[in-house]
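# Observations on the three-dimensional arrangement
Here is how the chains run, residue by residue.
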Amino acid sequence: MPERVFFFDCDKTLYDYDFRKRLPALSRLTGVSQYRLAKQWWVGGHEAAANIGEYPTSDDYLAVFAEVTGYPLSLEEWREARAAAMTPVPGVLATLARASTLGTVSLLSNNPIPFRDSFAQLAPEAAALLGENDLVSAVLGAEKPEPRVYTRALSRYGVAPGRTMLIDDSAANCAGAEAVGMHAFQLTKDASGAFDVAGLDAAVDAFVAATP
């Protein structure tokens, strides 16, 4: 049994994420208007379906994307548009590195299979620390904050909930983790856009002290 497990969200946690950059990049690559992409793919529920594993491989995801939008998107193009929206958060990545010396570290992110298949390219700084511990909702069959996401993640590591901590930007996701007995810290930004890394580090220290 791992001594402790730290679960880190990706978007707006390890990496800042701006969909307003992703959609224009995807439109430029595909030649499909932003309006049409948003309406047909996101509003149409396909990204949500992918996030819970309804498209179990990257090829499945891309085939449905081509059917819905009319454009045969490649995984490399998908990755390029996704990367356009991501910016590393150095302070949180430093906390991930420190947490890796205090227990097991794992991703726990609401994302589809192409994200997992592209994680090493999209997030090399985090991937180097997380290794194969790259849990996404598409693999777990549900999205945070559903309870089964957390219980399935816990079962992957054979760890009691009280010896785990979730770091996530979403209050609902943190509440969901706490509801199954996990520790959680909601990572927020101040008015200047700076992440509360000091608060995160203090929460990690408190969790470690509570789980000797």
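Higher on the page you've got the structure.
Below you will find a few notes about this structure. Worth saying up front: this structure is predicted, and the values here are computed from it rather than measured.

Turning next to the packing of helix 1 (residues 19-30) against helix 5 (residues 75-83). Where helix 1 meets helix 5, the closest approach of the two axes is 7 Å, and the angle between their N-to-C directions is 150 degrees. The element helix 1 and its partner helix 5 pack so that their crossing is right-handed. Of helix 5, the residues touching helix 1 (which contributes Arg22, Ala25, Leu26, Arg28 and Leu29) are Glu77, Trp78, Glu80, Ala81 and Arg82.

With that out of the way, let us pick up the pairing of strand 1 (residues 5-8). By the alternation rule, side chains of strand 1 split into Val5 and Phe7 and Phe6 and Phe8, which are all buried. Direction of pairing for strand 1 relative to strand 4 (residues 104-109): parallel, over a ladder of 4 bridges. By the bridge assignment, Val5 is partnered in strand 4 with Thr104. By the bridge criterion, 4 bridges tie strand 1 to strand 6 (residues 164-168) in an arrangement that is parallel. Bridging from a neighbouring strand, Val5 pairs with Thr164 of strand 6.

Let us now look at the pairing of strand 6. Of all the 5 residues making up strand 6, 5 are buried; the element is thus mostly covered by neighbouring parts of the structure. With burial as the criterion, each face of strand 6 is covered, one bearing Thr164, Leu166 and Asp168 and the other bearing Met165 and Ile167. Judged from the 4 bridges that link them, strand 6 and strand 7 (residues 183-186) form a sheet pairing that is parallel. Each bridged residue has a counterpart across the sheet, and for Met165 the counterpart in strand 7 is His183. Traced from strand 6 through helix 12 (residues 171-179) to strand 7, the parallel crossover comes out right-handed.

Cut-offs and rules
- Residues numbered from 1 in each chain as written.
- Predicted model: local features only at pLDDT ≥ 70, side-chain atom pairs only at ≥ 80, totals over all residues.
- Heavy atoms only, no water.
- Axes fitted to C-alpha atoms, helices over the stretch in contact; angles between N-to-C directions.
- Helix = DSSP H or I, 4+ residues; strand = E, 2+ residues; numbered from the N terminus.
- Left-handed = near helix turned anticlockwise from the far one by under 90°.
- Contact = heavy atoms within 4.5 Å.
- Buried < 20%, exposed > 50% of the residue type's maximum accessible area, 1.4 Å probe, protein only.
- Pairing = 2+ DSSP bridges.
- Right-handed = clockwise from strand over helix to strand, strands pointing away.

Keep in mind these values describe shape, not function.
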